Amino acid sequence: MLALMLVSFAAFSQTNVKGVLVDAQSGEVLIGASIVVDGTTIGTATALDGSFNITVPSGSQKMLFSYVGYIEILQDIAVSGDEIDLGKIMLESDAVNINEVKVVASIAIARETPVAISTISPQHIAEKLGTKEYPEILKSTPGVYATKQGGAFGDSRINIRGFDQRNTATMINGVPVNDMENGWVYWSNWAGLADVTRSLQVQRGLGASKVAVPSLGGTINILTKTTDAKQGGNVFTYVGQDGYNKYGFTLSTGLSDNGWAATISLAKSEGDGYVDGTQFESSSYFANISKRLNDEHTLAFSIFGAPQWHGQRDRGSKQSIETWQEKGIKWNPDWGYKNGEVFYAEKNKYHKPQAILNHFWSMDENTSLITAVYASVGTGYGTGGYGDDGKFYTYMREDQIDFDRIVDENIAAGSAGSETLLRSSNNNHQWYGLLTSYNKDLGNMDIMIGIDGRYYIGEHYRQVEDLLGGEFFLEDGVDVNNYNKIVHVGDKIAYANDGYVAWLGLFAQAEYSLDKLNAFVSLSLSDKSYKRIDYFNYFTDDLIKDIEASPALEQQYRDDLGNRYFLEAMKGQETDWANFLGYMVKGGANYNLTDKHNVFFNGGYFQRQPDFDAVYLNYINDLNENAENEKVISFELGYGFRSGIISANLNAYYTKWMDKTFSPSYAVTDATTGAREYFTANILGIDAGHMGVELDFIAKPTTKLTLSGFASIGDWQWLSDVEDVGIYDDNQVLLDTKSLYLKDVHVGDAAQTSFGLGLDYELLKGLKFGADYNFYDNIYAAFDVEDRDTELAENPDSWKLPYYSVVDLNLRYNFKVSDLNATLFCNVDNLFDTEYISEAEGGFNVSDPMESWKKTRVFYGWGRSWSVGLKIRF
């Protein structure tokens, strides 16, 4: 009886408290947020729908609500016998101006924005990244395939829904970073991103971006830190295998009474690399300073960059499977020793800082104008051989390049100069942009209109890096202004040209929201202009005047160059601007059937301007008069379910890519002289279809256990053949024709089937264990379209890679160091040291498709790797 009385008394002295934690700006629920009764050990975490239930002792209590990246709330409640419903508890971001940046960056919101999204938190990045490259943190996302390519630092790449990085938009704080000339994203330029990322979101398909970006596969939307509202910071250090070492710190002043705030982060990383001859060194920096001028105006300036260098295993160094089995998957043919020191044939060095100045103008409670002015100045190069560079791979000693032998031969050549040298291919650029948007809240409708302006200058040339023992190098017939020239270290060789790109875009979007319905329509119009300046293949203006004034000089140059190349060189170094108009229209709607179920649809059509190399053919100022826009039509249907225990999304998509730009080079033999020259073909009419189904889910059966998973089944194929493609010289004279047979051939270079499972379990308070299993199949080798010129009864696929799976483990432990919060991170990637082929090229055998693997050149993925890290916050 006494026991029953005590139990009854205890029951009457406690009360259930419930509520939902949401982002104060977007209204999006906060999953895994902490709720603690202050001064006790009583606590819980929010479920997948942001809800919580907690039993609280009767009386006056203080409840602490907190979530990473948000300002915690300490709320007084009076607890009696009745259940208490606190409703929606809104947490404000702890970052200054982050909500305005989210508007610029077009961050999608679950159950509102009608696109397929996956959002990665900074917690997830810290716990899972380990020795992975930045894009690889997305590998447990539907439709994503990421590899390290050659395996060197920063050389990773990512495909989404079968589209490579040129056709997947990457944006940092709303600013596009795909190269203006060719669309590529080089992740080694952004080596410090993991340290300063606040949010990483993948919007698959057309995405939610208002500006025109190449989002065939999707958009990778990265938000960096802004300025922390609270004073504090952290220090961290990581170590790992192969000499991996990283350390750094972050300091924040917090928001002062007079409206100033500043944050700075610095980090340094170095190591020997998993692959032989891929040592690296990188520094990264980030700084943000903001000033709230008054209630209407705020200025914020940020700059970040990551100067780095690393030895490479070049994409051209893919080898046959037999070669890797013989030499080992870490073998690298692109390095050796010179005079007893490590020396690289392939080395990358680059620094691409980006600075952004934001102005946030709140005109009234319903109107705002947000402007970003940005600049990026990139400098750097990649090295390789020049001259008789075949010696790099025929002069080998213990499977490494024998540089000392090359040096000895160049010294012995004496007055003849070096036969072989090390060159650098320099790609410098200046990029300036303006992005401004006017936003108006009309109640149930939000209107946005804006301007997107960009100006880009790309400087491309090769220069002598090392004469390898010689005193000079004699270069004949390359620079028409200096036909026979002697060059030394630092002199330009091979080519020298500038590419100019100007972009002016207008965009508008209307979003409608009423009860359970959210819909949007987005329009954009853009004008993209190109100009090219070639310093080696064309005479200077002064030389043209001299030639026109001197028949003897004219005849000399005609004899040196030949009549056709002479006439081309007389056209002058600088082209006129070539303009291309593109546009995009897209829209979609999301309808919340209930609090748990929602459906969405989106569709769109856009025309994208051709890339630089498709506008100017044959590597000269040869304007392609027939260059056309690529056309893309896409639509998607999705369903979502969310409860306190499970959250799941299912979507199906179809994208048709029409008139894909191809500009391959073909060798043409002159019928008179027998000489072989290379000319570029302008191939139009090739279409591709990408369709598939994607599933992802998260389940929390208990507060300590989280299960996650995804599945992606794609069917990506080329849809058409093209016949009688003309190959023209620089005077538009037809030299030859080619036909290409691609219909029903699978698109290569990414896994068309993938799925994964993940587990995170809190073993003890603060100690969490995680495991991730990923499986990949239906990966076809990449291939060059020009190789598909043989008509067969059935177009064979390129070689299909063996399926593979990997398991990654991670451990995170939160603890105290005196009064400071600390976290220990441990990661083991590819736990079972699985040997697998991550990517392949070629592999197309007409006579015996089963033998295709022998023609394929491949890279293997990394074996087992590990890292351990410690972060202390203050």
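Residues numbered from 1 in each chain as written. Predicted model: local features only at pLDDT ≥ 70, side-chain atom pairs only at ≥ 80, totals over all residues. Heavy atoms only, no water.

**Q** Whenever I open this one, the overall build of the protein confuses me. Can you help?
**A** In terms of regular secondary structure, the protein is built from twelve helices and 54 strands. On C-alpha atoms alone, the protein measures out to a radius of gyration of 30 Å, which is about the 29 Å that the 2.2 N^0.38 rule sets for 874 residues. Out of the 874 residues in the protein, the part that is buried amounts to 54%. Within the protein, counting contacts between residues at least 6 apart in sequence, those at least 24 apart form 69% of the total. Positive and negative side-chain charges in the protein, numbering 71 and 116 respectively, have mean positions lying 7 Å apart. (Helix = DSSP H or I, 4+ residues; strand = E, 2+ residues; numbered from the N terminus. Rg over C-alpha atoms; globule rule 2.2 N^0.38 Å. Buried < 20%, exposed > 50% of the residue type's maximum accessible area, 1.4 Å probe, protein only. Contact = heavy atoms within 4.5 Å. Lys, Arg positive; Asp, Glu negative; His and termini not counted. Charge placed at Lys NZ, Arg CZ, Asp CG, Glu CD.)

**Q** Mind showing me how you'd approach the packing of aromatic side chains here?
**A** Given two aromatic rings, their pairing is described by the distance between the two centres and the angle made by the two planes. Per the counting criterion, the structure on display carries 36 aromatic pairs. Following the ring pairs from residue to residue traces out a cluster consisting of Tyr145, Tyr776, Tyr804 and Tyr836. Above the ring of Tyr461, the side-chain terminus of Lys492 is found at 4.5 Å from the ring centroid. The ring centre of Tyr565 lies 4.6 Å from the NZ or CZ of Arg564, which sits over that ring. (Phe/Tyr/Trp six-rings, centres within 6.5 Å; stacked < 30°, edge-to-face > 60°. Lys NZ or Arg CZ within 6 Å of the ring centre and 35° of its normal.)

**Q** Help me understand the packing of helix H8 (residues 541–549) against helix H9 (residues 551–561), please; the structure alone is not making it clear to me.
**A** To characterise two packed helices, one gives the angle between the axes of the helices and the distance between these axes. It is at 5 Å that the axes of H8 and H9 come closest, and there the two elements cross at 115°. Relative to H9, H8 is oriented roughly perpendicular. Where H8 abuts H9, its residues Leu543, Asp546, Ile547 and Ala549 lie against Pro551, Leu553, Glu554 and Tyr557. (Axes fitted to C-alpha atoms, helices over the stretch in contact; angles between N-to-C directions. Parallel < 35°, antiparallel > 145°, perpendicular 65-115°, else oblique.)

**Q** Hey, could you run me through the nonpolar core in this one?
**A** Side chains that are nonpolar tend, in soluble globular proteins, to be buried together. Core analysis: the largest hydrophobic core is formed by 50 residues, its most contacted members being Ile683, Ile686, Trp718 and Val858. Setting aside its immediate chain neighbours within four residues, Trp718 contacts Lys660, Phe662, Ile686, Asp687, Ala688, Leu742, Lys743, Asp744, Val745, His746, Val747 and Phe783. Leu129, Leu200, Phe286 and Phe304 belong to the second-largest nonpolar core, a separate cluster that totals 23 residues. (Core = buried A, V, L, I, M, F, W, Y, C linked by side-chain atoms within 4.5 Å.)

**Q** Explanation requested: the environment of Phe580 in the structure shown.
**A** Relative to the helices and strands, Phe580 resides in strand S36 (residues 578–592). Residues within four places of Phe580 in sequence aside, it is in contact with Ser526, Asp527, Lys528, Tyr530, Gln609, Pro610, Val615, Ala627 and Asn629.

**Q** Before we go on, may I ask you to explain the pairing of strand S25 (residues 347–351) in this structure?
**A** The side chains of a regular strand alternate, residue by residue, between the two faces of the sheet. The alternating pattern of S25 places Asn348 and Tyr350 on a buried face, while none of Lys347, Lys349 and His351, on the opposite face, is buried. Sheet topology places strand S22 (residues 308–311) next to S25; four bridges connect them, and they run antiparallel. Following the sheet pairing, Gly311 is matched in S25 by Lys347. Where S25 lies against strand S27 (residues 367–387), four bridges are found, and the strand directions are antiparallel. Each residue of the ladder has a partner; that of Asn348, found in S27, is Gly382. (Pairing = 2+ DSSP bridges.)

**Q** How should the sheet that holds strand S2 (residues 34–37) be read in this particular structure?
**A** Strand pairing in a sheet relies on backbone hydrogen bonds. The paired strands run either parallel or antiparallel. Across the sheet, four strands lie side by side as S3-S2-S5-S6; this open sheet has antiparallel pairing. This sheet does not close on itself; its edge strands, each paired only once, are strand S3 (43–45) and strand S6 (73–79). Each strand of the sheet is rotated relative to its neighbour by a mean of 20°, with strand direction disregarded.

**Q** Sorry if this is basic, but what is going on with unusual backbone geometry here?
**A** Glycine aside, a negative phi is what most residues show, and trans is what most peptide bonds show. Residue Ala494 is not a glycine yet carries a positive backbone phi of 70°. Examined against the element boundaries, Ala494 turns out to sit in strand S34 (residues 492–514). By relative accessible area, which is 22% here, Ala494 ends up partly exposed.

**Q** Could you clarify how one ought to interpret the sheet that holds strand S7 (residues 84–91) in this entry?
**A** Reading across from one edge, S4-S1-S7 is the order of the three strands in this open sheet, with mixed pairing throughout. Each having just a single partner strand, strand S4 (51–57) and S7 make up the two edges of the open sheet. On average, each strand axis in the sheet is tilted by 30° relative to the strand beside it, whichever way the strands run. Relative to S7, strand S1 (residues 14–23) is paired through six bridges, and the arrangement is parallel. Bridge assignment links Val20 to a residue of S7, and that residue is Lys88.

**Q** What exactly am I supposed to notice about helix H2 (residues 98–105) here?
**A** One full turn of an α-helix is made of 3.6 residues, so residues set three or four places apart face in the same direction. Among the residues of H2, Ile98, Asn99, Val101, Val104 and Ala105 are the ones counted as buried. For H2, the secondary structure elements touched by its buried residues are strand S8 (95–96), strand S14 (197–204), strand S15 (218–224), strand S26 (354–364), S27 and strand S30 (420–441). Immediately beyond the C-terminal end of H2, within one or two residues, lies Ser106, with a positive phi of roughly 60°.

**Q** What am I meant to see in a nonpolar patch on the surface here?
**A** On the surface, Trp260, Ile289, Leu293, Leu299, Phe301, Leu357, Val373 and Leu434 cluster together to form a nonpolar patch covering roughly 660 Å² of accessible area. Of note, Trp260 is situated in strand S19 (residues 260–271). In this structure Trp260 comes out as partly exposed when scored by relative accessible area, which is 41%. (Patch = residues over 30% accessible without salt bridge, like charges linked within 9 Å, V, L, I, M, F, W, Y side chains within 5 Å. Areas by Shrake-Rupley, 256 points an atom, 1.4 Å probe, with all protein chains shown as cover. Salt bridge = Lys/Arg side-chain N within 4 Å of Asp/Glu carboxyl O.)

**Q** It is not clear to me how the pattern of salt bridges should be interpreted in this structure. Could you clarify?
**A** Side-chain pairing between opposite charges can occur once the charged atoms of the two side chains come close. With the rule as written, the count across this model stands at 40 salt bridges. Between Asp829 and Lys132 there is a salt bridge whose closest N-O contact spans 2.9 Å. Pair noted here: Asp829 is in strand S51 (residues 820–829) and Lys132 is in the loop between helix H3 (122–128) and strand S10 (144–147), with a separation of 697 residues, a long-range link. Note on Lys132: relative accessible area 13%, which makes it buried. Note that Glu419 and Lys391 form a salt bridge whose closest N and O atoms lie 2.6 Å from each other. On the criterion of sequence distance, the pair formed by Glu419 in the loop between helix H7 (403–413) and S30 and Lys391 in helix H6 (residues 391–394) is long-range, its members being 28 residues apart.

**Q** Can you walk me through the side chain of Gln354 in this structure?
**A** Tracing the sequence through the fold places Gln354 in strand S26. In this structure Gln354 touches Ile172, Val175, Val177, Trp190, Ser302, Ile303, Phe304, Ala375 and Ser376, once residues within four positions along its chain are discounted.

**Q** What exactly am I supposed to notice about the environment of Glu851 here?
**A** Here Glu851 lies in the loop between strand S52 (837–842) and helix H12 (852–855). Residue Glu851 is classed as partly exposed on the basis of its relative accessible area of 27%. Measuring from C-alpha to C-alpha, the distance between Glu851 and Asn288 comes to 56 Å, with 563 residues separating the pair along the chain.

**Q** I tried to follow the pairing of S22 on my own but got confused; where do I start?
**A** Inspection of the sheet shows strand S20 (residues 280–292) paired to S22 by three bridges, in the antiparallel sense. Across the sheet, the residue bridging to Phe280 is His310, located in S22.

**Q** Would you take a moment to explain the side chain of Glu568 for this structure?
**A** With respect to the helices and strands, the residue Glu568 is situated in helix H10 (residues 563–569). By relative accessible area, Glu568 is classed as buried at 5%. At a separation of 2.5 Å, a polar atom in the side chain of Glu568 contacts the side chain of Tyr538. (Polar contact = N/O pair within 3.5 Å; in protein donor to acceptor, adjacent residues only side chain to side chain.)

**Q** What is the right way to read a negative patch on the surface from this model?
**A** On the surface, Glu112, Asp364, Glu365, Asp441, Asp446 and Glu511 cluster together to form a negatively charged patch. For Glu365, the location among the structural elements is in the loop between S26 and S27.

**Q** What is the right way to look at the environment of Lys347 in this model?
**A** If you trace the backbone, Lys347 turns up in strand S25. Residue classification places Lys347 among the partly exposed residues on the basis of a relative accessible area of 23%. Lys347 sits 353 residues away from Lys700 along the chain, and the two C-alpha atoms are 46 Å apart. Setting aside chain neighbours within four positions, we find Lys347 in contact with Trp309, His310, Gly311, Gln312, Tyr381, Gly382 and Thr383.

**Q** Any chance you could explain the confidence of the model for the protein here in plain terms?
**A** Note: predicted coordinates in regions of low pLDDT should not be interpreted at a detailed level. Chain-level pLDDT for the protein is 92 on average; 97% of the residues reach the 70-or-more range. Counted against residues more than four places away or in other chains, residues 5–12, with its pLDDT under 50, gives one contact. (pLDDT = per-residue confidence, 0-100.)

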